[in-house]
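Residue-level structural notes
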Amino acid sequence: MERLKALARFLRKFGTTRVVLLHVVSSGLARSSHVAERMKAVRNEVGSLFEETEDIIGQGSPALEICRVARERQTRFVAIAWKQKDFLQRTLLGSTTQDVVRLSSLPVFVFKGDVAEKKGDELRNILFAVNFDQSHERIMEYLRTRELAATDLYAVHVGERAPDPVTEQARQEAVFNRLNELLGECSDWFKTLKPVSLVGNPKRELLKAARRYEVDVIIMGKFSHGGAMEQLVGSTAETVTRKARCSVLIVPRTDIRRGEDV
Amino acid sequence: MIKRNAVFIFSLLLSVPFIFMGLFTPGFLNRLSSIIHTTIIEHFGWGYLLSVFFFLIFALYLAFSRYGNLKLGKDYEKPQYSYFGWFSMLFAAGMGIGLIFWGVAEPLSHFANPPGYLESNSREAAQFAMQRSFFHWGLHPWAIYITMSLSIAFFSFRRGMPPLISSCFYPLLGNRIYGWPGYAIDILAVFATVFGIATSLGLGALQITSGLASVTPLPETMAVTLSIIAVVTLLFMLSSATGLDTGIQILSKTNILFAMILLGFMLVVGPTSYTLNVFTSTLGEYGSALLSMSLSTNPFTGYDWTKDWTLFYWAWWIAWSPFVGLFVASISRGRTVREFILGALLVPALLTFLWFSVFGGAAFHLELERGISLSESVGNNVSTALFELFTYYPLTPILTTLALLLLGVFFITSADSATYVLSMMTSRGNLNPPLSRKIVWGLLQSATAAALIFSGGLEALQKMAIAAALPFTLVMLFLSLSLLRAMRYEWVYERPREAEKSGSD
């Protein structure tokens, strides 16, 4: 319950006014009266934070049900409280959060409560993973929220190193120019804006940067290019969601071409 | 100062102790190199087979992929050398001298000593011998060379970096190529090249001495061998001083002409139909067994044979690849990736197949159809195999002289190109290295070869060169990844921008 309350408070920071509380039960296994009681308790606890609250008890595959309800209720995003699973659990049982990140066409907010609670719900640093694929327009909506009240914004781009030093220098300059342009659009909402250009494996570098800058939330776009490697090891967004020690907001863009590097 | 010449200084510091060991304690070097060599071949043989097969697949993939259209140079550049000049130099640097040495000797060696599951001196052994000779000298060695030379040519001519192996690692290592990781790669390349060249020169000189002894009254003595090294050194230094455009090119073209004359003569005067049957049949068997041969370590029976031949060759080609790779890259500017790969993979391989069919076929004709045993005398002295074969043909002295001339010129072109490559590698990729550096490397190689023949440490040093192949295999695998990343970057990010720019113009 405490985690859910922390999540609700956190969602307020993203300007949330209406929530749909959804609990999915496996058909035949759950006692409906018990679930209904728990849902009522949750609603009582968090309802006062929002203007409008609705609770639903669904049945079937949790990930599919979450995506369906979110679509039907036209929510702005899906928020899930992260539940840590070890390798064996993940391999044998799967992860609902991972499945939702993979399936959802709406933004998915994965809340890793422990970290936020330690800092007293305080939001200081936000890492904005930039892929220059126009998904930043959608991400900006979340960054330019009054209630967010974070102080530092790190715009991090992880690119491929160019084949030679001259081209690489030009690429780095172009990356910094574009990051500064993007940050300029957020200058009214943050005290410090920092462009960061990294080279290497996006998953690894984003996670390292999140630790280095002690960020509270990673906000990133998601694009599925359907490659064989992605099918096997998962997308960058899925891996970052699983391995990050902080909360993650994934903003999917299925209607754009793959990210353009500079 | 040290940083500027780090590769030169440290490669010398690393090589000299081994050379001294070869000179003063050849027995110890032999024991040391044998332990290293045997351990590597015993435990990592499968790794060589997998890696070399990967290089072949990688080369074919690049040739037929979208990257095949990329040019090894700027888009407007044209090839620097004609096809004939290019093929001649490719062949001279990559195979040349070895092919003269092993053209008859290798099929006969496999025929007399096949793996345990075949009977010696049988018709099956002859078939096996031809197939494996094609295999050891065919597509695989060239795939190794192509991986190396394509990377160097791409990064230096297209991306404007110095022609060094370390340059090819920029996509993976970034600016660390200008530090110790980059130096380590270049030093390893120089190490393998110095040892490889010194031992090749020594073994080549021994073969020329044997050949001369069979056609002239000159005795097969140390003094003659040392004199041959001295003469060859003088000639290759002269060739080296004239530069790549004249020296090596003219010598290589002349040599290919000589080789064609010798090949044509043997084909026409020898058992022509038999030779062409051997060629056609072995080509078919080679093609159909390519996959199984590429990956067969024969763990149940014949593993020793695989270790002695296939794994030795694979390690040798890999150790040789920095030298051939750099040289082949330097003569391939202006060709497209597809043209380069198909040209360097197919033409030298076909010529090699023809060479083995003519010379190996002629030897088997004597063995199997006329009952003349060559394999016994070849078993005693491998370097005399070709000259032994000539004694059963008309115009023996002329053929032997022509073969000696071929050997000598290939010897000169190999030493010349090695000197050029070593000077280039140790002068930070300067395509026109200073003459003084060429002289230093040239003299050092010849002096080492001569001294090692004297001390008997030639084969021990050769094993050290081959030992360098193990780390170099890893270097080459990462090299492939780096090249692929660079080509992908160009295709995915730069091409669309260029197309957009030219569209808006």
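Note: the structure precedes this text.
Everything numeric in this text was worked out from a predicted model, so none of it was measured. Note that residues are indexed from 1 along each chain, following the sequence as it is written. Each chain gets a letter, beginning with A, and each ligand a number, beginning with 1, in the order they are written. Confidence filtering applies because this is a predicted model: local features only for residues at pLDDT of at least 70, side-chain atom pairs given and counted only at 80 or more, and all residues used for totals across whole chains, interfaces and linings. As a convention, hydrogens and water are excluded, and side-chain values are obtained from all of the structure's heavy atoms.

**A look at the overall build of chain A**
Of the regular secondary structure elements, chain A holds 11 helices and nine strands. Only protein chains enter the accessibility calculation, which uses a 1.4 Å probe; a residue is then buried when its area is under 20% of its type maximum, exposed when over 50%, and partly exposed in between. Within the span of chain A, comprising 262 residues, buried residues form 49% of the whole. Within chain A, contacts between residues separated by at least 24 positions form 81% of all contacts whose residues are at least 6 apart in sequence. Throughout, the Shrake-Rupley method with a 1.4 Å probe supplies accessible areas, and for residues the shown protein chains are the sole cover considered. Carbon and sulfur atoms provide 48% of the accessible area of chain A, an area that totals close to 13,400 Å². The numbering of helices and of strands both runs from the N terminus, where a helix is a DSSP run of H or I of at least 4 residues and a strand a run of E of at least 2. Contact between two residues is taken to exist if any of their heavy atoms lie within 4.5 Å; hydrogens are not considered.

**Looking at the overall build of chain B**
If you tally the helices and strands in chain B, you get 20 helices and zero strands. Every radius of gyration here is taken over C-alpha atoms, with the globule rule written as 2.2 Å times N^0.38, N being the number of residues. Computed over C-alpha atoms, the radius of gyration of chain B comes to 22 Å, within 12% of the 23 Å expected from 2.2 N^0.38 for 505 residues, which places it in the range of a compact globule. Looking at the 505 residues of chain B, the share that counts as buried comes to 61%. Long-range pairs, those at least 24 residues apart, make up 83% of the contacts in chain B between residues at least 6 apart in sequence. Counting every atom, chain B has about 18,900 Å² of accessible surface; 67% of that belongs to carbon and sulfur. We treat Lys and Arg as the positive residues and Asp and Glu as the negative residues; His and chain ends play no part in the count. The location of each charge is read from NZ of Lys, CZ of Arg, CG of Asp or CD of Glu. Taking the average place of the 27 positive charges on the side chains of chain B and the average place of its 24 negative ones, the gap between the two points comes to 14 Å.

**A closer look at helix α2 (residues 32-46) of chain A**
An α-helix turns once per 3.6 residues; consequently, residues spaced three or four apart project the same way. Residues and elements named next belong to chain A. Here a helix's expected span is defined as the number of its residues, less one, multiplied by 1.5 Å. Taking 1.5 Å of rise per residue, the 15 residues of α2 would be expected to cover 21 Å, and the 21 Å separating its terminal C-alpha atoms lies within 8% of that figure. Among the residues of α2, V35, M39, V42 and V46 are the ones counted as buried. Taken end-on, α2 shows its buried residues confined to a sector of 60°, consistent with a single buried face. Facing away from the buried side of α2 by over 90 degrees, the exposed positions are S33, E37, K40 and N44. The directions from the helix axis to the C-beta atoms are what the arc is built from.

**Regarding the pattern of salt bridges**
All names here are of chain B. Here a salt bridge means any side-chain nitrogen of Lys or Arg lying within 4 Å of a carboxyl oxygen belonging to Asp or Glu. Considering all chains together, one arrives at 18 salt bridges over all chains under this definition. For R159, the salt bridge identified is with E494, shortest N-O distance 2.9 Å. In this pair, R159 is assigned in the loop between α6 (139-158) and α7 (170-173) and E494 in helix α20 (residues 469-504), connecting sequence segments 335 residues apart. Using a relative accessible area of 12% as the deciding quantity, one classes E494 as buried. D304 is the partner of K307 in a salt bridge, and the nearest nitrogen-oxygen pair spans 3.2 Å. Here K307 and its partner D304 are both found in helix α13 (residues 303-330), three residues apart, which amounts to about one turn of the helix.

**A short note on the packing of aromatic side chains**
Residues and elements named next belong to chain B. For Phe, Tyr and Trp, where Trp contributes only its six-membered ring, two rings pair if their centres lie within 6.5 Å, and the inter-plane angle classes them as stacked under 30 degrees, edge-to-face over 60, or tilted in between. Tallying each qualifying case throughout the model produces 30 aromatic pairs over all chains. Between W142 and Y145 the ring centres are 5.3 Å apart and the planes differ by 90°, which places this aromatic pair in the edge-to-face class. Pair noted here: W142 and Y145 are both in helix α6, with a separation of three residues, about one helical turn. Y145 carries the same exposure label as W142, and that label is buried. Taken together, the ring pairs connect W102, W137, W142, Y145, W309, Y313, W317 and F356 into an aromatic cluster. Only when the NZ atom of a Lys or the CZ atom of an Arg is both within 6 Å of the ring centre and within 35 degrees of the ring normal do we say a charge sits over the ring. Sitting over the ring of Y83, R335 keeps its end group 4.8 Å from the ring centre.

**Regarding the sheet that holds strand β3 (residues 78-81) of chain A**
Residue and element names in this part refer to chain A. DSSP calls a pair of strands paired once it identifies at least 2 bridges connecting them. Spatially, β3-β4-β9-β8-β5-β6-β7 is the arrangement adopted by the seven strands of the open sheet, whose pairing is mixed. Either end of the sheet is taken by a strand with one partner, and the two such strands are β3 and β7 (192-199). Averaged over all pairs of adjacent strands, the angle between their axes in this sheet comes to 20°, without regard to strand direction. Where strand β5 (residues 125-129) meets strand β8 (residues 217-222), four bridges bridge the pair, whose relative direction is parallel. Whenever a helix is involved, its axis is fitted only over the stretch in contact; in every case the axis is a line through C-alpha atoms, and angles between N-to-C directions fall within 0 to 180 degrees.

**Structural notes on the interface of chain A and chain B**
On the chain B side, the residues contacting the 13 residues of chain A number 16 residues. With both chains or domains summed, chain A and chain B bury close to 1,300 Å², and 52% of this area falls on carbon and sulfur atoms. The largest contributions to the chain A side of the interface with chain B come from A:E160, A:R161 and A:P163, which together make up 51% of the buried area. Our count for the contact surface shared by chain A and chain B stands at two salt bridges. We note a salt bridge from B:R488 to A:E160, for which the minimum N-O separation is 2.5 Å. As a working definition, buried area equals the accessible area (1.4 Å probe) given up by two parts on being put together, with both sides summed.

**A word on the side chain of B:H140**
Within the secondary structure layout, B:H140 lies in helix α6. Residue B:H140 is classed as buried on the basis of its relative accessible area, which comes to 0%.

**Quick word on unusual backbone geometry**
All names here are of chain B. For N121, which is not a glycine, the phi torsion comes out positive at approximately 55°. Along the chain, N121 turns up in the loop between α4 (96-112) and α5 (123-137). By relative accessible area, N121 is classed as partly exposed at 43%. Even without a glycine there, the phi angle at R428 is positive, about 55°. One can find R428 in the loop between α17 (396-425) and α18 (435-455).

**Regarding the packing of α13(B) against α17(B)**
Residue and element names in this part refer to chain B. Where α13 meets α17, the axes come as close as 9 Å, and the angle between the chain directions of the two elements is 90°. It follows that α13 is roughly perpendicular to α17 by the angle criterion. From α13, P322, F323, L326, F327 and S330 reach across to α17, where they touch S414, S417, A418, Y420, V421, M424 and M425. Of the residues that constitute the contact of α13 with α17, the class distribution is nine nonpolar, three polar and no charged. Here the angle decides the label: under 35 degrees means roughly parallel, over 145 means roughly antiparallel, 65 to 115 means roughly perpendicular, and every other value means oblique. Gly falls in the polar group here, along with every residue not listed as nonpolar (Ala, Val, Leu, Ile, Met, Phe, Trp, Tyr, Cys, Pro) or charged (Asp, Glu, Lys, Arg).

**A look at a nonpolar patch on the surface**
Residues and elements named next belong to chain B. A cluster of nonpolar residues, F44, W46, L50, L291 and L295, forms a patch on the protein surface that exposes about 520 Å² of accessible area. Listed by contribution, the elements that provide at least two residues to the nonpolar patch are α2 (26-64) and α12 (290-295). Broken down by element, the residue count for the nonpolar patch peaks at three residues, all from α2. Counting through the fold element by element, L291 comes out in helix α12. By definition, no residue in a patch forms a salt bridge, and every one has over 30% relative accessible area; like charges are joined within 9 Å, nonpolar side chains (Val, Leu, Ile, Met, Phe, Trp, Tyr) within 5 Å.

**Here we look at helix α7 (residues 136-143) of chain A**
Residues and elements named next belong to chain A. Those residues of α7 lying buried are H136, I139, M140, Y142 and L143. Buried residues of α7 fall within an arc of 155° about the axis and therefore sit on the same side. Those residues of α7 hidden inside the fold are in contact with β5, β6 (152-159), α8 (165-184), β8 and β9 (247-252).

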